[in-house]
4 protein chains.
Amino acid sequence: MNDLQQYKQRKIVNDPVHGFISIPDNILFALIEHPYLQRLRRIKQLGLTSLVYPGAVHTRFQHTLGAFHLMGLAISVLKNKGHHISPEESLAAHAAILMHDIGHGPFSHALEQTLIESLTHEDLSLLLMDRLNRHFDGQLTHAIDIFKGQTDKLFLHQLVSSQLDMDRLDYLKRDSFFSGVSEGVIGSDRIIKMLEIKDNELVIEVKGIYSIEKFLVARRLMYWQVYLHKTALVAEKMLINTLKRAKYLSLNKIDVPAPPFLKTFLTHRFCSHDFLSNPQILDDFTMLDDNDIWSALKLWCVHKDKILSYLSSALLNRQLLRIELSDTPFDEERIQQLKKEKRLFNNMSDEEMNYFVFTDHISNSTYNVGHENIKILYKDGTTKDISYASDMLDHRALAKTVNKYLLCYPK
Amino acid sequence: MNDLQQYKQRKIVNDPVHGFISIPDNILFALIEHPYLQRLRRIKQLGLTSLVYPGAVHTRFQHTLGAFHLMGLAISVLKNKGHHISPEESLAAHAAILMHDIGHGPFSHALEQTLIESLTHEDLSLLLMDRLNRHFDGQLTHAIDIFKGQTDKLFLHQLVSSQLDMDRLDYLKRDSFFSGVSEGVIGSDRIIKMLEIKDNELVIEVKGIYSIEKFLVARRLMYWQVYLHKTALVAEKMLINTLKRAKYLSLNKIDVPAPPFLKTFLTHRFCSHDFLSNPQILDDFTMLDDNDIWSALKLWCVHKDKILSYLSSALLNRQLLRIELSDTPFDEERIQQLKKEKRLFNNMSDEEMNYFVFTDHISNSTYNVGHENIKILYKDGTTKDISYASDMLDHRALAKTVNKYLLCYPK
Amino acid sequence: MNDLQQYKQRKIVNDPVHGFISIPDNILFALIEHPYLQRLRRIKQLGLTSLVYPGAVHTRFQHTLGAFHLMGLAISVLKNKGHHISPEESLAAHAAILMHDIGHGPFSHALEQTLIESLTHEDLSLLLMDRLNRHFDGQLTHAIDIFKGQTDKLFLHQLVSSQLDMDRLDYLKRDSFFSGVSEGVIGSDRIIKMLEIKDNELVIEVKGIYSIEKFLVARRLMYWQVYLHKTALVAEKMLINTLKRAKYLSLNKIDVPAPPFLKTFLTHRFCSHDFLSNPQILDDFTMLDDNDIWSALKLWCVHKDKILSYLSSALLNRQLLRIELSDTPFDEERIQQLKKEKRLFNNMSDEEMNYFVFTDHISNSTYNVGHENIKILYKDGTTKDISYASDMLDHRALAKTVNKYLLCYPK
Amino acid sequence: MNDLQQYKQRKIVNDPVHGFISIPDNILFALIEHPYLQRLRRIKQLGLTSLVYPGAVHTRFQHTLGAFHLMGLAISVLKNKGHHISPEESLAAHAAILMHDIGHGPFSHALEQTLIESLTHEDLSLLLMDRLNRHFDGQLTHAIDIFKGQTDKLFLHQLVSSQLDMDRLDYLKRDSFFSGVSEGVIGSDRIIKMLEIKDNELVIEVKGIYSIEKFLVARRLMYWQVYLHKTALVAEKMLINTLKRAKYLSLNKIDVPAPPFLKTFLTHRFCSHDFLSNPQILDDFTMLDDNDIWSALKLWCVHKDKILSYLSSALLNRQLLRIELSDTPFDEERIQQLKKEKRLFNNMSDEEMNYFVFTDHISNSTYNVGHENIKILYKDGTTKDISYASDMLDHRALAKTVNKYLLCYPK
């Protein structure tokens, strides 16, 4: 973190993944201290995954500090290779990576499908960045431009957001570390040493090609073994159904107890315009974290609505639905049959059974060709997309979207 | 886990600290699945320490599994050295270590000083063990006897509870791992390899003496560097004051919003007799976890009582009071002076200022002579207390209780 | 190492890679104590690679103990899954893995191309195994049968020698550990947990497929980044040329000082028949280790033959030739030109220049289709080769032999 | 390595202990390339210890690079705390640490007692530094002054040589890493972060006191568990006796085969004056490394002198004498009795039996009071010796020299 060394170091944070992380005494420290950032201490990086991997309880706050640390290393490497990055640019890139996750709510993906339907966490991040920028008298403008990609130095944006950004380099390593899936560990140090800039874009020196292959394979492994682990999937689907039910009841005037900042989102369907016209909505959002969801589930365990109480209690005590995965869609007849056989209570309608018997599909591709590509820089100055540069990873296989279908039903 | 290998293995859990942990398909698996154990997933091992060490968000559930794993290793070592431990005894010792922490509430020490004044977490553990034993038709009687020390084979109790128990061996290693304070790492594998039994008691072979010295020094380091870190201390004191204030208001008929199972403890001062006569109280206790406290703090941020709202908001956003440590008590005059100078709002009484300006003391001794000692076994069959066996650790220094005084006040 | 637990444990060895390794008090301990095994303490696993990766000085002895340790884990896993492996079979498999590398000489590949032209290290291993078997009164017959694949239980042979044997699982992890190329680390624990037997053959449960993909990619990375690192390659080529020169001189009656057991191989071209008819030759071989080569290089530094002294001194002081790699063969004209330009001394013949200017090629394939395949076991009991089972690793790419050409010449 | 960043980085070395180590393109790179430094690749850091800990085969070369790396970190920390260290001073301190071990021969302590009686490795280091300085045209003068302590900035010397120098910080960590004795691991990163300068001397900030306590305890553990492990001790004693015998025979005109640069020291007793008057002696010394000793042992296995051949063969095949340790001297009568009982061959004289039955003593103190002390810096600017500052480590216990007596004899 050379550029930041002009500032007195304010604090050293112990990080089990990267060791000591230094924080300078300037706007970056003030940003970390802000409630919007502190809130990330209360949001787990991997949501319900700790139901499968008990160690995976690390937070978005830690991850943010980790990505911030890697940003310092990357900028230092690039400068040592002779590229000019001014102290202001360095500061802005650091600020951008600190803010990259502030729009995440608790159990992010579940939330986006239920309580906040019309905005993604990226939309929310931008709204919150604007507020922070006002709070800091416009000092974050450059950082926000880098985040948005509105900068001459595209590589600074790519350090924040691309298929090889500091975000990914930190989270793959961190998720692997905390879950105990040691095979997911990537050589982030080595990858960062191999960073270069060519035509204003981030590239990888050719001698780093095997590290990138391994990075892609490790990422794929983490997807199927951790992020899309079937037990974590069914738990997430159950949480989505629980929140959907709670919202359905609330919208139908049946009281569902919850803290007011959670209730806001149970009793309204906000569009993005609402967020802009009524600042209180975003205020409420910034109060939300994992604790409210867990605390609410405990209240809902004894709710008179059997669907809500059943799902809440099941999540709380980890009595999950059965889940099956398949490469092809499940037979509709079988689903209907399950809905008949697996009725949990008397007089359940088919519609109500949809909360317990359902199918869905997930997909993942190891590498997105054509989208913020990873480029390999050869010694003659030419570059090639990793999917073509690698003689092992077939570029069609790499780019292929893998689909899996899931079927859930009561045991 | 040799004794348990007669059972089909039910599950393998990934643990970042110990690797794979196998769980057999018998009562131990059923115990882990029980809501009383699952609840420990929602209670952090180190409470507010993650405000200082962001990685230290690991839970009592992980720790319980870890200590369970070490129990298997220890029993296997002792059997290989020729000591008879029957499958039933092994099972009971495993069950005992699984239950050793079930009486912990959220932020355990803070809770014991505020919401549940008359019972310790050990008392609560015993109450919950009795319930579990009834649930499992008396199958846990032997385990509970081992926990209480009511067993012929004292060493089984010592594996669960002594100055060298599996509890300590796991938590020192785990707390060190997650906090990133790598110096706290202990050689639990080596210590377990050195375990022996002499006169029915757990002892350490003499060649393990340096490992024990290092274990004691690492433990001491963890105390002063992590467990009693001054920032974690001030946060805990603030949480205690917040809960005290919430309880004071509640007992004085001022509504303090909280989930019902938390409200129970805000509105009553239960004695241990109450727990026995009214089973609902213990039911409510088993619903409590970290989430309720954090969620309540957010509600209390906007409470009309300024003391409650100030403290809640300060904790939430990590705007902590200043703290000073000293080897001698703080001057009473200075404290009174601070109470005058640091008034946060108009018209605060001295009594109210006690929430913000206060002194206290903490103490710790590295080793408790005479209490569940660590004994070294020499080759001639004699044993000696580690505090005398070690030629380096002065036994007076080891046993000495170190006192530190703290003074907190607004910045 | 359950089967071995019937024997009093003789010794526990600290291994930085796997932790404690237990050795039972039976023929396995006697085998490890034998001079043929002890000799492996003096042979580095990776020969000259430590010139590039200074940490990679680990020995074949450590590796042998590591593979022995993994054999215990693998047999324990297979038995827990219900497969019958008798104590005798377990012992034989352990003995087989202990002996698998005893035929290696110092700088194995260099030696095979110069001093011992007509036997591979596998041939030498078998000769030495026969001797050991006689020494141990035939107790190793079963072990040798397993090594040769002459056993009903093919999977025991595959644990010793196949594309997923304990040899590879140890060496990839160990080489990665000691070289510091942390990306090469493989999840050997997880892979072993996924081992199964189907139709008498070793297979991998389908849920281990990502671990195998990662294993193959890590192996490939280790090949190009460590085993075939160009600096290690040029050093090896130089050692080959040095030994060739020393042998050429010796065969032409020019004295080249060396210990007698090394001199034997400098002054004779033995065929495999010689080894059988004259036991002294094999005796001499068992005296050879890395030390003799290094010690000889120092003597040869001052030899009057300029070629020998130049090469010896260059290796000793790490003043290596320049090396270039290419995907296509180097131009013959360029090679001739270099031979003219780069003459090191007056009056060198073209033939003599061949020691300093030369080309060669290396090849490697990540996976050998059709040869001791890695098979994936599906839940329906069918199996499929990993190169077809993986939806990412294109089976043609996997199986493809990658060729690289190298050109070396003086700086 | 900030000061060195003005130089183009020449090379990055992978180190399994510290990660990537950068080497600048200046005199430091040239120094590392010099044969005197390259020679350290062929000298194991821990001599015969790998007979006990098979992983402990790391070299003095690796250690030198590691200490060099820590020097860069330490200087960077001190500069960030506001202390002025010029680029020239930084370079000189780096050069000094690179050269600190160049005087070590193979099996250093054994050698100093047999082949080179009148000079220590420190003496030899200084002789070689002078030669290097001439080779580099006086550019190393400042470095040598720092090494000798002849500098205004005493703390630079203390970074190279004191009870908390970079030498110790590297070797404790490295020896622990490679031996697999994980308990010896020290928090070198944290200790370096705590370095400060007070009155021109290196001190430790008071908050680092627990790290220092742990450093001392870990050091002590490594001494008794690794450096003075009884099996390593007996092997070293046997090597000393072997070399003594070889020298005795040589001096008595009985030919003992060895490479000429080893023979020099077998056939002469050089005094320090000889080294100065005859440069060839030092030249011969710089040719010596571990390989010559091992290679010679194999020649000596078949020597007609039974004492020499017995000892050589025993070392080679790890058939060591029995060793006993005791806190008090062994009884002379018992020793005489053993000499009578344990005669290995006919007609052995008592004097000859001294090679096989002998006693000796070893001693170690954890901390040397009054000699290059470790001082703790308090917040009020005062300093105190760690042995007084620590409330746990009794200063008498710390400073106490522990003596152990050893007795060796044939099994």
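Residues numbered from 1 in each chain as written. Chains lettered and ligands numbered in written order. Predicted model: local features only at pLDDT ≥ 70, side-chain atom pairs only at ≥ 80, totals over all residues.

In the annotation of an unreviewed UniProt entry, the entry for chain A reads HD/PDEase domain-containing protein, and the organism field reads Thermophagus xiamenensis.

A. Summary view of the pairing of strand S4 (residues 201-205) of chain A. All names here are of chain A. Bridging between strand S3 (residues 195-198) and S4 involves four bridges; their strand directions are antiparallel. Opposite Lys198, over in S4, you have Glu201 as the bridge partner. Between S3 and the antiparallel strand that follows it, S4, lie two residues; Asp199 among them carries a positive phi value of about 50°. Where S4 lies against strand S7 (residues 375-377), two bridges are found, and the strand directions are parallel. The residue of S7 that forms the bridge with Ile204 is Ile376. (Pairing = 2+ DSSP bridges. Helix = DSSP H or I, 4+ residues; strand = E, 2+ residues; numbered from the N terminus.)

B. Local environment of the sheet that holds strand S5 (residues 322-326) of chain B. Residue and element names in this part refer to chain B. Pairing is antiparallel in the open sheet, where three strands are placed in the order S5-S9-S6. Both outer strands of the open sheet, S5 and strand S6 (358-365), are each paired with one neighbouring strand and no more. Along the sheet, successive strands turn relative to each other by an average axial angle of 25°, direction set aside. With five bridges connecting them, S5 and strand S9 (residues 401-409) associate as antiparallel partners. When the sheet's bridge partners are listed, Arg322 is paired in S9 with Tyr409. (Axes fitted to C-alpha atoms, helices over the stretch in contact; angles between N-to-C directions.)

C. Structural view of the relation of the copies chain B and chain D. Between the two copies, chain B and chain D, the superposition gives an RMSD of 0.0 Å; the rotation angle is 180° and the shift along the axis is 0.0 Å. What the rotation and shift describe, once combined, is the action of a two-fold rotation axis. Looking at the interface residues of chain B, 100% of them are also at the interface in chain D, so both copies use one shared face. (Least-squares fit on C-alpha atoms with pLDDT ≥ 70 in both. Contact = placed C-beta atoms within 7 Å.)

D. Highlighting the interface of chain B and chain D. Counting residues at the interface gives 21 residues for chain B, matched by 21 residues for chain D. The greatest single-element share of the side of chain B that touches chain D, amounting to 10 residues, is contributed by helix H11 (residues 209-227) of chain B.

E. Focus on the domain arrangement of chain A. Residue and element names in this part refer to chain A. Assigned domains within chain A: domain 1 (2-226 + 368-400) and domain 2 (230-363). The C-alpha-based centres of domain 1 and domain 2 are spaced at 31 Å. Those elements that provide at least two residues to the side of domain 1 that touches domain 2 are helix H5 (108-112) and helix H6 (121-135). With three residues, the single largest contributor to the side of domain 1 that touches domain 2 is H6. (Domains from an automatic or database assignment.)

F. Structural detail: the confidence of the model for chain A. Averaged over every residue, the pLDDT of chain A is 91; the share at 70 or more is 95%. Reported for the predicted complex are a pTM of 0.88 and an ipTM of 0.93. (pLDDT = per-residue confidence, 0-100.)

G. Molecular detail of the interface of chain D and chain C. Each partner contributes to the interface: chain D provides 33 residues, whereas chain C provides 33 residues. The set of elements that each furnish at least two residues to the side of chain D that touches chain C consists of strand S1 (9-15), helix H2 (35-38), helix H3 (60-80), helix H9 (166-179) and helix H16 (290-300) of chain D. The biggest single contributor to the side of chain D that touches chain C is H16(D), with six residues. For the side of chain D that touches chain C, the residue count by class is 15 nonpolar, 12 polar and six charged. (Nonpolar A, V, L, I, M, F, W, Y, C, P; charged D, E, K, R; others polar.)

H. Structural view of the sheet that holds strand S8 (residues 383-385) of chain C. All names here are of chain C. One open sheet accounts for four strands, arranged S3-S4-S7-S8; its pairing is mixed. Among the strands making up the open sheet, the edge pair consists of strand S3 (195-198) and S8. The average undirected angle you get between the axes of adjacent strands in this sheet is 45°.

I. Structural view of the relation of the copies chain D and chain C. For the pair chain D and chain C, the best superposition has an RMSD of 0.0 Å and corresponds to a rotation of 180° with a translation of 0.0 Å parallel to the axis. Comparing interface residues between copies, 100% of those in chain D also sit at the interface in chain C, which points to an isologous, same-surface contact.

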